[in-house]
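Tertiary structure, described
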Amino acid sequence: MNIDNLMHSLEARHPGEHEYLQAVKEVLMTIEEVYNQHPEFEKAKIAERLVEPDRIFTFKVPWVDDRGDVQVNLGYRVQFNNAIGPYKGGLRFHSSVNLSILKFLGFEQIFKNALTTLPMGGGKGGSDFNPRGKSDAEVMRFCQAFMLELWRHIGPETDVPAGDIGVGAREVGYLYGMYRKLARENTGVLTGKNLEFGGSLIRPEATGFGGLYFVNQMLETAGLSIKGKTVAISGFGNVAWGAALKATELGAKVVTISGPDGYIYDENGIAGEKIDYMLELRATCNDIVEPYAEQFGAVFVPGRRPWEVKVDIALPCATQNELNEEDARTLISNGVICVGEISNMGCTPEAIDLLLHHKVMYGPGKAVNAGGVATSGLEMTQNAMHIAWTAAEVDAKLQQIMSQIHDQCVRHGREADGYINYMKGANIAGFLKVAKAMLAQGVV
Ligand code: 2IT
């Protein structure tokens, strides 16, 4: 494999798709050595086939707002790779959504889903629809219009969407309602559903819980304990909420959350009713964290990110490239022990290089945040079996899966000096599973 040639031809084909090219480059660079030990990969052009999605659907989503005005958004579904199972991955509704972002997310999802040990391929979709400030009725009409087009391309054994930024249980409910009406079936075609119609217990918590199970295991493997450690979390959505809950339960002290307006520093720890309050803040739809400061007498730092606070553990839980080289440098000089990405591609490549160079424990999103999609996989299983597991059953399976992901990272990521390069381990383990499946199934 010649990475430079491959990247040049990808850049020529897809100019300006920065996030997508960034995600591809990271994976290719970390699997290069293993790839070159397998001439059969090169012969079957596995890399060239893996970096292009199987297909992309782009569609127009016209809908009518509360004033009676017609709005037009764009909708997408990227079906990236289904060598090991149906396409699986969330839908993101956010004004920043474009093809580059959805292709990076879909690409990451291939390896993440492979790591979960469950049979799920990779896909992602979404829209540039901005749910911020929209009424319930507007969100419903938008979701219905979106599904009116998407439903043809998905199915419980074909492609199973779920939530991501801007898509929670409310949106999944509206999407599911329209799908059910059009397809005339009640199946596990979407995950993240409410409990009454096939949702799984622990799914709302799963991304954050899984992230903390993983980080806990990283620390234990290094002979450390999470108890008493200080934690910086970014974001204040579903992922940040689950992460704060589990971090607190495991005995750590969460001192920050953040929003587009700045971050909160609460030296007393964000625990108990303060974590519940995150849900309230979210429900206001204003997308700001500042009100927390007044409510609980904490510090609000406008326009800045939480990585300047001295902490032991940093957990990006908001969005891609939210922790850059300068942030990494600040964290390192403040003695950070571990950075665990619970957001997808939370760190920039320069930040990752710096963390690895300083031998800071770094967990990449596709391993650390895989608990979300893993629990979606468990929801699919429950739907296919027409049963519902208890919270304890789902949580036990989630813990087991996170531990298996951790084992795979260690197996493929341990370096000569004992340092575990989790990024390398996750990429190699995820890649090998998909590559072997593609080889076995021929050129299709
Ligand atoms: O990034 C992710 O893994 C998700 N947004 C969850 C995807 C899913 O299918 O549950």
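Below is a summary of the structure that appears in this document. (Residues numbered from 1 in each chain as written. Predicted model: local features only at pLDDT ≥ 70, side-chain atom pairs only at ≥ 80, totals over all residues. Heavy atoms only, no water.)

Examining the overall build of the chain
A count of helices and strands for the chain gives 17 helices and 12 strands. In terms of overall size, the chain behaves like a compact globule, its C-alpha atoms giving a radius of gyration of 21 Å where 444 residues would be expected to give roughly 22 Å. Overall size of the chain, expressed as C-alpha extent along the three principal axes, is 60 × 55 × 45 Å. Taken across its 444 residues, the chain has 58% of its residues classed as buried. Pairs at least 24 residues apart make up 71% of the contacts formed inside the chain by residues separated by at least 6 positions. (Helix = DSSP H or I, 4+ residues; strand = E, 2+ residues; numbered from the N terminus. Rg over C-alpha atoms; globule rule 2.2 N^0.38 Å. Buried < 20%, exposed > 50% of the residue type's maximum accessible area, 1.4 Å probe, protein only. Contact = heavy atoms within 4.5 Å.)

Quick look at the packing of aromatic side chains
The geometry of an aromatic ring pair is captured by the separation of the ring centres together with the interplanar angle, meaning the angle of the planes. Evaluation of the coordinates by the stated rule reveals 19 aromatic pairs. Summarising the aromatic geometry, the rings of Tyr-35 and Phe-41 are spaced 5.6 Å apart at their centres and angled 45° between planes, so their arrangement reads as tilted. A single burial state applies to Tyr-35 and to Phe-41, both of which are buried. Both rings, one in Phe-209 and one in Tyr-213, keep their centres 6.4 Å apart while their planes meet at 70°; by these two values the pair is edge-to-face. In this pair, Phe-209 and Tyr-213 are both assigned in helix 8 (residues 203–221), 4 residues apart and thus about one turn of the helix distant. The pair Phe-209 / Tyr-213 is uniform in exposure class, with both members buried. Here a set of aromatic residues connected by ring pairs shows up, and it is made of Phe-59, Trp-63, Phe-93, Phe-129, Phe-142 and Phe-146. Positioned above the aromatic ring of Tyr-20, the side-chain terminus of Lys-103 is 3.9 Å from the ring centre. Residue placement shows Arg-282 over the ring face of Phe-236; its charged tip is 4.6 Å from the ring centre. (Phe/Tyr/Trp six-rings, centres within 6.5 Å; stacked < 30°, edge-to-face > 60°. Lys NZ or Arg CZ within 6 Å of the ring centre and 35° of its normal.)

Here we look at the nonpolar core
Counting 63 residues, the largest nonpolar core has Phe-214, Val-215, Ile-233, Ile-257, Tyr-292, Leu-315 and Ile-405 as its most contacted members. In contact with Ile-257, other than residues within four places in its own chain, are Ile-233, Gly-235, Phe-236, Tyr-263, Ile-264, Ile-270, Met-278, Val-289 and Tyr-292. Counting 42 residues, the second-largest nonpolar core is a separate cluster that includes Tyr-35, Ala-44, Val-97 and Phe-111. (Core = buried A, V, L, I, M, F, W, Y, C linked by side-chain atoms within 4.5 Å.)

A short note on unusual backbone geometry
Glycine aside, a negative phi is what most residues show, and trans is what most peptide bonds show. Backbone geometry places Thr-117, a non-glycine residue, at a positive phi of 80°. Of note, the phi angle at Asn-321 is positive, near 50°, even though the residue is not glycine. In this structure, Asn-321 sits in the loop between strand 10 (313–315) and helix 12 (325–333).

Considerations on a nonpolar patch on the surface
Residues Val-64, Val-70 and Val-72 make up a contiguous nonpolar surface patch of about 270 Å² in total accessible area. Here Val-72 is to be found in strand 2 (residues 70–81). Note on Val-72: relative accessible area 55%, which makes it exposed. (Patch = residues over 30% accessible without salt bridge, like charges linked within 9 Å, V, L, I, M, F, W, Y side chains within 5 Å. Areas by Shrake-Rupley, 256 points an atom, 1.4 Å probe, with all protein chains shown as cover. Salt bridge = Lys/Arg side-chain N within 4 Å of Asp/Glu carboxyl O.)

Section: the site of the ligand
The environment of the ligand is formed by 13 residues, the closest being Lys-88, Lys-112, Asp-164, Arg-203 and Ser-376. Interatomic distance of 2.7 Å between a side-chain N/O atom of Lys-112 and an oxygen atom of the ligand. Note that an oxygen atom of the ligand is positioned 2.5 Å from one of the side-chain N or O atoms of Ser-376. The protein chains hide 93% of the 290 Å² of surface that the ligand would expose on its own. Contributing elements (two or more residues each) for the shell around the ligand: strand 3 (87–93), helix 5 (99–115) and helix 15 (370–385). Of all the elements, strand 3 adds the most residues to the shell around the ligand, at 3 residues. (Near = heavy atom within 4 Å. Polar contact = N/O pair within 3.5 Å; in protein donor to acceptor, adjacent residues only side chain to side chain.)

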